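Take a look at the letters that make up each chain.
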Amino acid sequence: MRVPRTFVFVDLTGFTNYTAEHGDDEAGRLLSRFRAATREVASERGVRVAKWLGDGAMIVCLDRSDAIATALDLECRTAEACSPLALRAGVAGGYALLFEGDDYIGSAVNLASRLCDAAGPHEVLLPADQVADLPAGIVATAVGALALRGFNEPVPVVELSGQPPLASRNDTGELWMRPPLVG
């Protein structure tokens, strides 16, 4: 089944070197802070951490605005919590194959992952053709076309910056009163 989703891949830059310099225990403590911040932002934004990727994560969102806000929120929160390391992120949306009920396959997934790989410290990258309807307070700055592994043509990319609006909860009802999620 193909479903429309926006994917966010995040990664801590320099984690391997940090582990070598500071040891496994300190790296584990830093990774715990990263994962706690990721869970907190995902919960506030109503998005799902689909999988942990060592010192990174794949986050799945129904809405591009939520994905962008999640990536920028997470970059901001980890700046202090994960110092001296910095977060980098790639965001991309499109239709993806929901595989075996809990994983996603498709070019949007691959693009978000490759954008994360290409991002520098504190950068959030998005394909330039997905810039429409940015959340309030978010600015897109052209980076140019990047050659990304697995893509035949260079991909025009923008860097996102700014302060996303605070997460709002339209649903103020008690959890037990909400209807079941049916898809």
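Anyway, here's the lowdown on the structure attached to this text. (Residues numbered from 1 in each chain as written. Predicted model: local features only at pLDDT ≥ 70, side-chain atom pairs only at ≥ 80, totals over all residues. Heavy atoms only, no water.)

### Some words on unusual backbone geometry
- With an omega dihedral of 15°, the bond running from Ser83 to Pro84 counts as a cis peptide bond.
- Looking at the secondary structure, you find Pro84 in the loop between helix 2 (64-81) and strand 4 (86-99).
- Positioned with a positive phi, Glu100 is a non-glycine residue whose angle comes to about 55°.
- Counting through the fold element by element, Glu100 comes out in the loop between strand 4 and strand 5 (103-105).
- On the basis of relative accessibility, which here comes to 68%, the residue Glu100 falls in the exposed class.
- The phi angle at His122 is positive, at roughly 65°, despite the residue not being glycine.
- Positionally, His122 belongs in the loop between helix 3 (107-118) and strand 6 (124-127).
- With a relative accessible area of 41%, His122 lands in the partly exposed category. (Helix = DSSP H or I, 4+ residues; strand = E, 2+ residues; numbered from the N terminus. Buried < 20%, exposed > 50% of the residue type's maximum accessible area, 1.4 Å probe, protein only.)

### Some words on the pairing of strand 4
- Where strand 1 (residues 2-13) and strand 4 come together, twelve bridges link them in antiparallel fashion. Opposite Val3, over in strand 4, you have Ala96 as the bridge partner.
- For strand 4 and strand 6, the ladder comprises two bridges, and the chain directions are parallel. Residue pairing across strands places Ala89 opposite Val124, the latter belonging to strand 6. (Pairing = 2+ DSSP bridges.)

### Things to note about the side chain of Thr70
- Relative to the assigned elements, Thr70 resides in helix 2.
- You can call Thr70 buried: its relative accessible area is 1%.
- Within the local environment of Thr70, its side chain forms a polar contact with the backbone oxygen of Asp66, the two atoms lying 2.7 Å apart.
- The contact partners of Thr70, leaving out residues within four places of it in the chain, are Val41, Arg45, Val47 and Ile59. (Polar contact = N/O pair within 3.5 Å; in protein donor to acceptor, adjacent residues only side chain to side chain. Contact = heavy atoms within 4.5 Å.)

### Focus on the packing of helix 1 (residues 15-45) against helix 2
- With their axes 9 Å apart at the nearest point, helix 1 and helix 2 run at an angle of 145° to one another. At the point where helix 1 passes helix 2, the crossing takes the right-handed sense. On helix 2, the residues that touch Arg33, Phe34, Ala37, Thr38, Glu40, Val41, Glu44 and Arg45 of helix 1 are Asp66, Ala69, Thr70, Asp73, Leu74, Arg77, Thr78 and Ala81.
- Within the contact of helix 1 with helix 2, the residues separate by chemical class into six nonpolar, three polar and seven charged. (Axes fitted to C-alpha atoms, helices over the stretch in contact; angles between N-to-C directions. Left-handed = near helix turned anticlockwise from the far one by under 90°. Nonpolar A, V, L, I, M, F, W, Y, C, P; charged D, E, K, R; others polar.)

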